[in-house]
Structure formats: C-alpha cells, structure tokens
Amino acid sequence: MRDPESASSTEATRSESYPPGLYRSVHGERSVDKTFYQAVVREAASVLELGCGHGRIAEAMRAEGVQVSGIDLSEGALEEARKRVPDGHFVAADMCSFKLDARFDRIVCPYNGVYCLLELADLRAMLHRVYEHLVPGGLFVFDGYAADSFHAQEGDDAESEESFVRRVEALGTDWDVYESSRWNRDAQRIDATYVHVPTDGRETQEAAIPQRYLLRGQLESLLSEAGLELLVVHGDFDQSVWDEDAPFLIVTAQRPHVEA
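Definitions and limits used
Numbers given for residues are sequential positions, taken from 1 along each chain in its written order. For a predicted model such as this one, the threshold for reporting local features is a pLDDT of at least 70, and the threshold for listing and counting side-chain atom pairs is 80 or more; totals across whole chains, interfaces and linings nevertheless cover every residue. Calculated side-chain values reflect all of the structure's heavy atoms, with hydrogen atoms and water omitted. Exposure classes here rest on a 1.4 Å probe applied to the protein chains alone. A residue is buried below 20% of its type maximum, exposed above 50%, and partly exposed in between. The secondary structure listing takes helices from DSSP runs of H or I that are at least 4 residues long and strands from runs of E that are at least 2 residues long, numbered from the N terminus. Note on definitions: a residue-residue contact is assigned when non-hydrogen atoms from the two residues lie within 4.5 Å. Planes of paired rings set the category: under 30 degrees apart is stacked, over 60 is edge-to-face and the rest tilted, where pairs are Phe, Tyr or Trp rings (Trp by its six-membered ring) whose centres lie within 6.5 Å. By definition here, charges over rings are those cases where NZ of Lys or CZ of Arg is within 6 Å of the ring centre and within 35 degrees of the ring normal. Note on pairing: two strands pair once DSSP finds at least 2 bridges between them. Lines are fitted to the C-alpha atoms to define the axes, a helix being fitted only along its stretch in contact, and any angle between axes, read from their N-to-C directions, falls within 0 to 180 degrees. The nonpolar core is taken to be a set of buried Ala, Val, Leu, Ile, Met, Phe, Trp, Tyr and Cys residues, with the residues joined through side-chain atoms within 4.5 Å.

(A) Structural context of helix H2 (residues 20-27). Three or more residues of H2 are buried, namely Gly21, Leu22, Ser25, Val26 and His27. On its buried face, H2 is in contact with strand E8 (163-170), strand E9 (173-184), strand E10 (189-198) and strand E11 (204-212).

As structure tokens, this is what we get:
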C-alpha cells in the first residue's frame, strides 16, 4: 500500500483508456494461454481475435500457419500488433458491432475480453456478430477468470484496499503499480483501478478496467440465443474439466454445421 502522505500529495492523471505501454507491462506477461490458443487454431485456416490488443496471442497463433485477423478499439495497441504480425489484418472496431467482409474458422477472445462488455445487451450483440462471422462448423473460444465461487459467497458488495502489485519497466522508466477493486454482486461487476507511480518524478498514471463477469449457468442460454452451441467448458488451460474450484472459465462454442 502506498504511503498515505505520498498518495494524497500526488495527483494522478486518469486515462480514458489504458495506455498500451503501461497495460502491456502489467498485464502482458501471461503465457499459459498461448499454447492453448495455438491448439485451438491448429486445424484452422483463418482466425479472428476480438480485443487483440498488442498482438500477444495473435503472434502465437500466426506461428501455427493460420491467417490472423484482429479487432481492437485502441489504435496504439493495433500498431504494436501489426509489428508483431506484419501479414495479419488488424482493424479498429467494436466487438459488439464489427462487420468484416469475411468468415472465419475460429474466433477467439482471450484474457477476460468478453468481461469488458458491461451490459448484457452488448454481450448478446457480440455473440450475434460472432455467429455471423463464423463459417458453419466454426468455433468460438474465449476465457475469463472463474467467478461462480466468490459470487456465491455471502456478504455485501466489497471494495478492496489499494495494494502493491509489482514494479515494472515501461515508457523509459520504472513504475510502482498499485491495484484496488470494487465488487458489485448484483451487477456481476468487478471494477479494478491501477495506479502507476513513476520512479523518475513524472506524473502518476491511473487507469481502470471495469468488467462484468459471467457465471457458468448463464452460458448455454446466452450462446443459444445467438445460434451457437456450447461444446465444452474447461477450468484451466490444460483442458481440465470446469468445476466451482477452477481458476478459469474457458468456453468453446460452435456455429452448427447445419442451420436449424
């Protein structure tokens, strides 16, 4: 936790979106999912990644020989994705309303991307866009943290105290990163705030990641509404079966080969 005097005397610049360089330094180190998504696309010719960010997963999938496309709202992140995958097709678009002149064998949304849709109407819209952009028999795969266990706990909504995450290097200096979060059970919301305190005296940066998590029991009906069939839910990237103690909620759904 930051020193109270230091915290109160330092004004933080709050970004409308998470600056890509800072985001990558804090959240871009996870590698456990790369092998999983490589396996997802191994038999495919084309893949679209929703919320592709700076291309961490896109680069791993391209190594399997698949044609990679990606959408994201951050132009800064897309510039980095284009450098990582020069022959990929990356466009600025909203995952709730995108319309591309192509269909894909696989559509993926890694690293809690689906949780960034804060309204149920947005989630439904995204799933319909996914259906429209999959070939018959194509797969939609996404992952998020598992929420059923803590969602079921008794107690009021909670707000965590700010805690130190780690020191990272980004944008030419070191930053001490602190995290706090607010949980609203009824809304299925966890809003995390990250404060980045530079060691060289430049301005403190603050960024938020608001999320609406999903529960296992909600999946089948939501997917079915969009015409998608739930195939399997894994609890980890080793493809172990999901249960309430699993750390992740990893979903594979399919656009049916034969339309109803």
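(B) Quick look at the packing of aromatic side chains. Under the counting rule described, the total for this entry stands at ten aromatic pairs. Judged by centre distance (4.9 Å) and plane angle (80°), the rings of tyrosine 115 and tyrosine 145 are edge-to-face. Remark: tyrosine 145 occurs in strand E6 (residues 134-145) and tyrosine 115 occurs in the loop between strand E5 (104-109) and helix H6 (120-133); sequence separation between them is 30 residues. Under the relative-accessibility criterion, tyrosine 145 is labelled buried at 19%. The positively charged end of arginine 255 is found above the aromatic ring belonging to tyrosine 131, 4.0 Å away from the centroid.

(C) Broad picture of the sheet that holds strand E12 (residues 229-234). Taken together, the seven strands give an open sheet; going across it, the order is E4-E3-E2-E5-E6-E13-E12, and neighbouring strands pair in mixed fashion. Taken across any chain shown, the strands that pair with only one partner, and hence form the sheet edges, are strand E4 (89-92) and E12. Adjacent strand axes in the sheet meet at a mean angle of 15°, parallel and antiparallel pairs treated alike. As defined by bridge partners, strand E2 (residues 46-50) adjoins strand E3 (residues 67-72) across five bridges and the pair is classed as parallel.

(D) Summary view of the nonpolar core. Counting 41 residues, the largest nonpolar core has Leu50, Met126, Leu127, Phe140, Leu214 and Leu228 as the members making the most contacts within it. Where this core is concerned, the elements lending two or more residues are E2, E5, H6, E6, helix H8 (219-225), E12 and strand E13 (248-254). It is H6 that contributes the most residues to this core, five residues altogether. If we ignore the near neighbours within four places in the chain, the residues touching leucine 228 are Leu127, Val130, Tyr131, Leu134, Phe140, Leu223, Ala253, Gln254 and Arg255.

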